[in-house]
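# What the coordinates show
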Amino acid sequence: MNPATATSKGAATRESIVERALRIARTAGFEGLSIGGVAQAVGMSKSGVFAHFGSREDLQLAVLDAAAQRFAEQVFAPALRERRGLPRLRAIVRRWIEWLRSERGGCPMVSAAIEYDDRPGPIRDRVVRYQSQLRTELARAIRMAIDSGELRADCDPGQLAFEIHGVELALHHDARLFGLDDAMARAERAMHRLLDSYRA
């Protein structure tokens, strides 16, 4: 086997491991991830998984990276095709709500934030980095809607980003406890009222 083929196969195996670990994290949380459990789920030995991830923490970080990339691809990337201003902001919000349906079991990033919010270390640092990026991009979209004259000039982008995030967290909470469809319907109504309250 030539080196290029070996590298390609190794990358594919690593991707398969991360994908299965991501599924586990959606239902069992990041604390539910273990090298042994993931190895069993993908039909590999522990040493086989260790060959791709030197530790449980490395695996958890790779899963966080994969979750963040998937969120960006499914929520923000499609929304960028919408016109700058309120249409783009509404597209982000709508796709964010739909994201929970596509993730079956829960948002991995929210789970990690809940589990590691008061535990200093690389995992918490990575969660903070991704959550900060999310707030920054959301505030940028809000600022564009202010600049286009669709949201009031006195709208604080950081505050509205906080409020939108709050609705999303409530959606995650209720979807897990009371059912997805009802929670999504309530989240959509809440988002509609929230954005309307800032209309110019």
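Residues numbered from 1 in each chain as written. Predicted model: local features only at pLDDT ≥ 70, side-chain atom pairs only at ≥ 80, totals over all residues. Heavy atoms only, no water.

One finds V63, L89, I142, L151, L160 and I164 to be the most contacted residues of the largest nonpolar core, which totals 62 residues. Among the elements of the structure, α1 (3–28), α2 (35–42), α4 (56–79), α5 (86–102), α6 (108–116), α7 (122–147), α8 (157–178) and α9 (180–197) are those that each provide at least two residues to this core. Apart from the residues lying within four places of it in its own chain, the contact partners of V63 are V18, A21, L22, A25, F30 and L33. (Core = buried A, V, L, I, M, F, W, Y, C linked by side-chain atoms within 4.5 Å. Buried < 20%, exposed > 50% of the residue type's maximum accessible area, 1.4 Å probe, protein only. Helix = DSSP H or I, 4+ residues; strand = E, 2+ residues; numbered from the N terminus. Contact = heavy atoms within 4.5 Å.)

Below, the discussion takes up the pattern of salt bridges. One pass over the structure, following the stated rule, counts ten salt bridges. Notably, a salt bridge pairs E19 with R70, separated by 2.5 Å at the nearest N-O pair. Remark: R70 occurs in helix α4 and E19 occurs in helix α1; sequence separation between them is 51 residues. Taking the relative accessible area as the measure of exposure, R70 reaches 22% and is therefore partly exposed. (Salt bridge = Lys/Arg side-chain N within 4 Å of Asp/Glu carboxyl O.)

Relative to the 38 Å expected for 26 residues at 1.5 Å per residue, α7 spans 37 Å between its end C-alpha atoms, a close match to the ideal helical length. Downstream of α7 by a residue or two, G149 has a phi angle that is positive, lying close to 85°. (Expected span 1.5 Å × (residues − 1).)

Working note: a packed helix pair is described by the angle between its axes plus the distance between those axes. Running from N to C, α6 and α7 point in directions that differ by 130°, and their axes come no closer than 10 Å. With respect to α7, the axis of α6 lies oblique. Note on packing geometry: the crossing formed by α6 with α7 is left-handed. Of α7, the residues touching α6 (which contributes M109, A112, A113 and Y116) are I123, R124, V127, Y130 and Q131. (Axes fitted to C-alpha atoms, helices over the stretch in contact; angles between N-to-C directions. Parallel < 35°, antiparallel > 145°, perpendicular 65-115°, else oblique. Left-handed = near helix turned anticlockwise from the far one by under 90°.)

All right, on to the packing of α8 against α9 then. At a closest axis distance of 8 Å, the pairing of α8 and α9 adopts a crossing angle of 165°. One element, α8, and the other, α9, form an angle in the roughly antiparallel class. The handedness of the crossing between α8 and α9 comes out as right-handed. Of the residues in α9, those in contact with L160, E163, I164, V167, E168, L171, D174 and A175 of α8 are L180, A183, M184, A187, A190, M191, L194 and L195.

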